[in-house]
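# Summary of structural features
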Amino acid sequence: MDLLHLLNPKALLIAALIFIPFERLTALHGDQKILRKHWQNDVLTFMINKVLINLCLIATFGLFLGTLTGLIPVSVREFVLEQPLWLQVIEIILISDTCYYLTHRAFHEVPVLWKFHSIHHSVEEMDWLAAYRIHPLDQTVAKIASLLPIFVLGYSGGAILIYAFIFQWQTILIHSNTRLSFGPLRWIVASPQFHHWHHANKPEAYNTNYAAQVPLIDWLFGTLYMPGKKLPEKYGIDDDIPRYYHQQFVYPFLKSSGTDTQPEAGAAAERAGSQ
Ligand SMILES: [Zn+2]
Ligand SMILES: [Zn+2]
């Protein structure tokens, strides 16, 4: 695997060609610039993270996949593989998103992990590129947690590829600066409204909407926050997150600065009462 393949700049270019005009046509915040604050750093983050995360995933899967697969009875893996493709894709989404939910929630509620995840929440202007501002350790752990069970259970390569395609584009879409309504589907399929609230700098919305694809998972765990058709006006966190990639990389390892968890972690209870 060569470096250019790992970097995969084509994926970023394709996303830009689709989402820049799409955001202009359906802008949620119409006054937001295409080249908004710190976009260069987010492009750099995408490029470097792509290499680091892929290398970590290759190493982790190489080390553990064989052993973990051996723990699953062959009959179970055969049953999984014999299911229709569409059913495998649905199951993969539900299993991986539940694993993602739990990991994401831990990154919000465990102090040492929040320091890593706060990099992603430092975005103050939501757009398609914001999806990529993330600490590499945060994304590596989330990807291992959501992908490893799928491979261990023996889902088909075709089903995993379809899932990966849906996940990639849905992740970009839910961050994008778009005023898209999913209608009644918004309870089943994660929408920009759903994930924008996750990034809102508003106490009622803190520590909510952890799922990446299926809001129903948040509903089941009591962390769903979708106040009608309203959308947030302000994003980000109050912590002083440094601006450049190398500073953001070391930020979670440094002592002190910043809050230990997203503030008002107990807001979920209040929120549930007000819904
Ligand atoms: Zn988060
Ligand atoms: Zn996000």
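The paragraphs below set out a description of the structure included in this document. Computed from a predicted structure; not experimentally measured. (Residues numbered from 1 in each chain as written. Chains lettered and ligands numbered in written order. Predicted model: local features only at pLDDT ≥ 70, side-chain atom pairs only at ≥ 80, totals over all residues. Heavy atoms only, no water.)

## Quick notes on the side chain of H108
Position of H108 among the secondary structure elements: in helix α5 (residues 85-109). Looking at H108, its side chain comes within polar contact range of the side chain of H117, at 3.1 Å. (Helix = DSSP H or I, 4+ residues; strand = E, 2+ residues; numbered from the N terminus. Polar contact = N/O pair within 3.5 Å; in protein donor to acceptor, adjacent residues only side chain to side chain.)

## Focus on empty space enclosed by the protein
Within the structure shown, the criterion is met by 1 cavity of 30 Å³ or more. Its boundaries defined by the atoms lining it, the largest cavity holds a volume of some 30 Å³. Of the residues belonging to the lining of the largest cavity, the class tally is 5 nonpolar, 3 polar and no charged. (1 Å grid on protein atoms, 1.4 Å probe; cavity = no way out; pocket = protein on both sides within 12 Å on 5 of 7 lines; lining within 4 Å. Points joined across faces, edges and corners; volume = space filled by probe spheres on them. Nonpolar A, V, L, I, M, F, W, Y, C, P; charged D, E, K, R; others polar.)

## Focus on the coordination of the zinc ion (ligand 1)
Six octahedral donors around a metal ideally make angles of 90 or 180 degrees; four tetrahedral donors ideally make 109.5 degrees. In the first shell of the zinc ion (ligand 1), the protein supplies H104 (NE2), H108 (NE2), H117 (NE2), H121 (NE2) and H198 (NE2), at 2.0 to 2.2 Å from the metal. Taken in sequence order, the residues that donate to the zinc ion (ligand 1) follow the motif H-x3-H-x8-H-x3-H-x76-H. A separation of 5.9 Å is found between the zinc ion (ligand 1) and the zinc ion (ligand 2). One end of the pair, H104, is in helix α5; the other, H121, is in the loop between α6 (111-117) and α7 (136-153), with 17 residues separating them in the sequence. Each of the two residues, H104 as well as H121, counts as buried. (Donors = N, O, S within 2.8 Å, 3.2 Å for Na, K, Ca; no water. Buried < 20%, exposed > 50% of the residue type's maximum accessible area, 1.4 Å probe, protein only.)

## Looking at α5
Here α5 spans 36 Å end to end across 25 residues, near enough to the 36 Å set by a 1.5 Å rise per residue. Those residues of α5 not exposed but buried are Q88, V89, I92, I93, S96, D97, Y100, Y101, T103, H104, F107 and H108. On its buried face, α5 sits against α4 (74-82), α6, α7, α8 (157-175), α9 (192-198) and α10 (215-221). (Expected span 1.5 Å × (residues − 1). Contact = heavy atoms within 4.5 Å.)

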